[in-house]
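Spelled out, the chains give:
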Amino acid sequence: MENLMQRFPEKKYDVTNYIESGCLCLWCPCCGWQTKTLHLQGEEVFYKTKNLCSSSTQKRPYAQLGSVELHDSCCGLCVGMSSNLERVNEKGEGGIRPFFGVDRTYTEEICNELRARMEGRGDTAQRKQQTFLMEQITKLTAQVPLILAKRGVAWPPSQATTAKLFPSNPPKVKTFAELYSPAEEPTFDTQSWNVMCCLEHLNCVSRTVELGPDEVTIRTVRGLDRATITEKRPYAQIDDVQKNKGCGCCVNMTAGELLPEPLSNGAGCDDATITQIVDELKRRMEIRGNIGQMKKLEQIMAKVDDLRVLMTVLQEEMGIETSYPPSQTVMTSLYGQHHQLPGIRPHDVTSQHFETKEYDVTNLCASACCCFTQKDTIVLEPDKQISKSINCIGDSVNSMPYAQISSVDESRCCFCLRSVNGLMPGCGCSGPLVTEVAQELQQRKTGRGDIAQLKNQENTMLNALELSVRTGTILKKAGVPYPPSQATMTEDYGPAFKLPSNNDGYLGEEKHVGPSQQHGEKDYVVTNYCESLCICLCSLGLAGWQSVNLHLGEEEVTMKHWNFCGTNQMRMPYAQLGSVDVETECCGLCFAVETDGGNISPGCGCDKDAVEAISNELQKRKVTRGNIAQVQMQENLMIEVIKMNVQLDQLAKKESVTYPPSQETMEQVFGPGAKVPQKWQPPIMAMGVPGNQAMLQVQLPADVVAGQTLQVQGPGGAIIQLQVPTGALPGQVLQVAAPVGPTVVGAPI
């Protein structure tokens with residue numbers, strides 16, 4: 001059961017490990033007592049470590065926490081938490097272990113809180129929000145044509161009308177049948193496999209790989225103390241999946257940070273099981289991961305633009321001024337004083353589509369070590385990069401969506417050796433080929449990754465705001481009151497539905513006003529004198545002085561190192577920066593900006609003001625051009641779409657348009673075989689579980705089917721979502737976890 005727009009209060013936790021701090025104090029008294037704190041904010045988590053000699057702080061969006069899980073050891077007596085803040089390694093070392101490392105209740109509370117925020121403000125929440133948006137916008141693409149048909153508006157409009165309404169950029173006008181195209185959301189069962197190498201049985205190891213509807217779980221139990229390591233990741237957070245073959249029949253797989261070590265089954269030759277896991281994981285990643293999110297967002301963007309065209313034609317038919325942006329008088333009449341449209345510039349180019357290209361990137365020196373049987377190729381498909389490597393011993397295939405390419409690193413060393421992202425084709429001197437591959441990767445990372453996703457959302461939001469303004473003028477002209485009375489709301493949607501007010505959304509004050517911003521470009525010289533001097537001395541002067549430049553562009557950060565012997569350039573979107581923080585060392589004398597793309601410590605490392613200025617600028621851009629902006633922008637879009645649904649319901653009622661229409665009406669307007677939309681039903685009432693406030697009971701209605709999304713009213717009156725699991729039967733009572741955090745709005749479907 002999900003709340004689609006969760007809000008979380010701020011919380012602080014002391015996670016100091018007393019044993020670690022005591023040992024540090026004894027071994028190095030000058031450091032004193034070390035403290036660790038977790039500060040959970042609305043959109044990010046702060047993890048701060050501090051002692052007398054140094055301090056470090058991590059600020060990560062919840063979407064970038066990776067896997068947040070408990071790790072047991074010592075027969076379950078010791079417990080720790082692993083995440084991207086501090087990971088537990090294969091030996092069970094590391095992680096966050098508050099106090100003496102045995103307080104399970106306290107550690108579980110932190111783990112559950114972080115996990116709830118990661119799910120409620122991360123990739124899984126974004127995907128479910130997109131599904132909700134698609135359902136709502138699909139309803140609008142059926143409702144507006146029905147209103148136009150009722151009023152007798154000719155469709156498609158004539159060329160003269162199109163040229164008059166859209167003089168500068170005429171859109172492609174679709175037929176009603178093309179406009180209303182409902183798509184079914186794919187559903188997935190939970191599949192699991194017991195995967196263990198035969199030698200692991202000797203070490204009492206058991207491992208389960210489980211592919212759920214939204215995330216993959218790998219649970220490993222090892223040793224006599226039954227130490228348990230559980231890793232969970234949403235499909236959108238798995239950067240690559242690789243299948244490897246070697247020694248004739250040996251087969252294994254890896255999956256980025258989720259599964260960095262090769263995983264094989266049985267004697268290592270179980271090709272069927274490994275292939276089944278890899279293929280199923282890739283399929284779910286394409287639908288539930290970054291590729292699926294990008295495609296769905298493109299569909300939403302196209303549908304919102306279609307609705308904008310429909311409403312403009314309806315304005316013209318009703319004799320309403322169609323110019324946009326509207327005058328301040330129109331804005332004041334619709335929204336009151338002090339409301340202005342956002343200053344974000346629309347993007348001429350958002351997500352792009354690419355042709356498939358293939359490059360031979362075999363390194364001849366490496367191939368010589370395999371008797372010249374080594375052959376490496378990369379295939380750049382429209383949505384992902386596939387790397388293939390074949391030699392006399394075996395082969396491997398790696399698949400990675402462009403959205404998971406964190407950076408494109410192009411480097412030159414020893415005057416002529418060129419490489420990009422670790423690829424050095426030919427003898428290493430294939431400069432033109434490396435430049436071409438780097439340009440292709442950069443274009444695809446930008447056109448099919450996080451940058452394109454935010455641009456899509458910004459353009460969709462701007463179109464939705466235009467659509468909202470146009471709908472408001474139509475309601476005013478038609479004499480339809482908005483918002484409707486409470487009696488009307490109760491009659492149409494039931495007592496549980498809550499309508500967002502004019503203060504909600506992009507034009508309002510209560511949600512995220514202008515969550516994404518554009519900041520221009522800035523340059524910083526961040527050469528570290530100590531590092532450059534060491535390079536110069538160690539190379540006997542051949543490398544010369546190394547210079548480092550930091551360029552903050554509109555959408556990504558570029559860091560370039562160069563000296564006499566070589567250059568290295570890293571380009572990373574702000575959404576991939578992870579943590580951006582100031583780290584203090586040497587008793588407060590040295591400072592550095594720490595990011596996932598590397599550390600920045602300009603000058604002699606003692607310029608605190610410069611380091612803080614860079615950190616603040618990077619943090620601002622990470623928040624307003626990264627994952628946080630994507631989540632907030634999508635929530636604003638949801639609010640605007642919910643309002644438009646209610647507005648058009650009231651307009652349809654005024655125009656005597658029944659929704660959903662009869663099959664006869666659907667075929668008259670949309671053509672033969674048009675599917676009648678489902679009628680919106682009031683929310684199902686959920687009951688609390690006696691003695692357990694964290695659980696709810698829901699009785700499924702008679703006509704329910706597996707995979708269907710139901711709206712449920714919780715005991716507090718909030719509208720929440722329930723996806724019917726596979727195997728559930730009508731009339732069956734489900735016991736599910738209650739949502740964490742307050743619910744903001746619900747919506748009719």
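Source: prediction; values computed, not measured.

Participant: With reference to specific residues and values, describe the overall build of the chain.
Facilitator: Scanning the chain from N- to C-terminus turns up 16 helices and 32 strands. Its C-alpha atoms give the chain a radius of gyration of 28 Å, near enough to 27 Å, the size a compact globule of 749 residues would have. Based on the C-alpha atoms only, the size of the chain along its principal axes is roughly 80 × 60 × 55 Å. Summarising the internal contacts of the chain: among those between residues at least 6 apart in sequence, 62% fall at separations of at least 24. When the accessible surface of the chain is summed, it comes to about 32,600 Å², and 55% of that surface belongs to carbon and sulfur atoms. Looking at charge distribution, the chain has the averaged site of its 68 positive side-chain charges lying 3 Å from that of its 85 negative ones.

Participant: How would you sum up the sheet that holds strand β23 (residues 567–573)? Please name residues and give values.
Facilitator: Taken in spatial order, the six strands line up as β19-β18-β23-β22-β21-β20 in an open sheet, and their pairing is antiparallel. Either end of the sheet is taken by a strand with one partner, and the two such strands are β19 (417–420) and β20 (522–525). Along the sheet, successive strands turn relative to each other by an average axial angle of 10°, direction set aside. Here strand β22 (residues 556–562) runs beside β23; their pairing, made up of seven bridges, is antiparallel. Considered in β23, the bridge of T558 is made with R571.

Participant: Give me the packing of helix α12 (residues 486–493) against helix α15 (residues 627–654): which residues, what numbers.
Facilitator: For the pair α12 and α15, the least separation of the axes is 12 Å and the interaxial angle reads 90°. It follows that α12 is roughly perpendicular to α15 by the angle criterion. From α12, T488, M489, D492 and Y493 reach across to α15, where they touch N645, V646, D649, Q650 and K653. Each residue belonging to the contact of α12 with α15 can be placed in one class, and the counts come to three nonpolar, three polar and three charged.

Participant: Could you give me a rundown of unusual backbone geometry, with the residues and numbers involved?
Facilitator: With an omega dihedral of 5°, the bond running from Y324 to P325 counts as a cis peptide bond. Note on placement: P325 falls in the loop between α7 (290–317) and α8 (328–335). Of note, the amide linkage connecting Y659 to P660 takes the cis form, showing an omega dihedral of 0°. Mapped onto the elements, P660 comes out in the loop between α15 and α16 (663–670). Of note, the phi angle at F99 is positive, near 60°, even though the residue is not glycine. Residue position: F99 is located in the loop between β6 (78–82) and α2 (104–120). On the accessibility criterion, F99 (19% relative accessible area) is buried. Positive phi outside glycine occurs at S656, with the angle close to 60°.

Participant: With reference to specific residues and values, describe the side chain of S411.
Facilitator: Tracing the sequence through the fold places S411 in strand β18 (residues 408–413). Among the polar contacts listed, one links the side chain of S411 to the side chain of S419, at a separation of 2.8 Å. Among residues more than four places away in sequence, those in contact with S411 are L417, R418, S419, T567 and N568.

Participant: Break down the pattern of salt bridges for me, with residues and values.
Facilitator: Considering all chains together, one arrives at 42 salt bridges under this definition. A salt bridge links D649 to K139; its shortest N-O distance comes to 2.9 Å. Here K139 lies in helix α3 (residues 123–150) and D649 lies in helix α15, a separation of 510 residues in the sequence. A cluster of three or more residues bridged by salt bridges with shared partners is formed by R127, K128, D214 and R288.

Participant: Could you give me a rundown of the packing of α3 against α15, with the residues and numbers involved?
Facilitator: It is at 10 Å that the axes of α3 and α15 come closest, and there the two elements cross at 25°. What the angle tells us is that α3 and α15 run roughly parallel. In this structure, the crossing between α3 and α15 has a hand that is left-handed. Grouping the amino acids of the contact of α3 with α15 by side-chain chemistry returns 15 nonpolar, eight polar and three charged.

Participant: Any details on the packing of aromatic side chains? Residues and values, ideally.
Facilitator: Applying the stated criterion across every chain yields a total of nine aromatic pairs. Centre to centre, the rings of Y18 and F100 are 5.3 Å apart; their planes meet at 85°, and the pair counts as edge-to-face. With a gap of 82 residues between them, Y18 in helix α1 (residues 18–27) and F100 in the loop between β6 and α2 connect regions that are remote in the sequence. By relative accessible area, Y18 is classed as partly exposed at 31%.

Participant: I'd like a description of the environment of V15, backed by residues and values.
Facilitator: Mapped onto the elements of the fold, V15 is located in the loop between β1 (11–14) and α1. Taking the C-alpha atoms as reference, V15 lies 18 Å from L52; in sequence the two are 37 residues apart. With residues up to four places along the chain from it excluded, the contact list for V15 reads K36, T37, L38, Y47, I96, R97, P98 and I110.

Scoring rules and cut-offs
Residues numbered from 1 in each chain as written. Predicted model: local features only at pLDDT ≥ 70, side-chain atom pairs only at ≥ 80, totals over all residues. Heavy atoms only, no water. Helix = DSSP H or I, 4+ residues; strand = E, 2+ residues; numbered from the N terminus. Rg over C-alpha atoms; globule rule 2.2 N^0.38 Å. Contact = heavy atoms within 4.5 Å. Areas by Shrake-Rupley, 256 points an atom, 1.4 Å probe, with all protein chains shown as cover. Lys, Arg positive; Asp, Glu negative; His and termini not counted. Charge placed at Lys NZ, Arg CZ, Asp CG, Glu CD. Pairing = 2+ DSSP bridges. Axes fitted to C-alpha atoms, helices over the stretch in contact; angles between N-to-C directions. Parallel < 35°, antiparallel > 145°, perpendicular 65-115°, else oblique. Nonpolar A, V, L, I, M, F, W, Y, C, P; charged D, E, K, R; others polar. Buried < 20%, exposed > 50% of the residue type's maximum accessible area, 1.4 Å probe, protein only. Polar contact = N/O pair within 3.5 Å; in protein donor to acceptor, adjacent residues only side chain to side chain. Salt bridge = Lys/Arg side-chain N within 4 Å of Asp/Glu carboxyl O. Left-handed = near helix turned anticlockwise from the far one by under 90°. Phe/Tyr/Trp six-rings, centres within 6.5 Å; stacked < 30°, edge-to-face > 60°.

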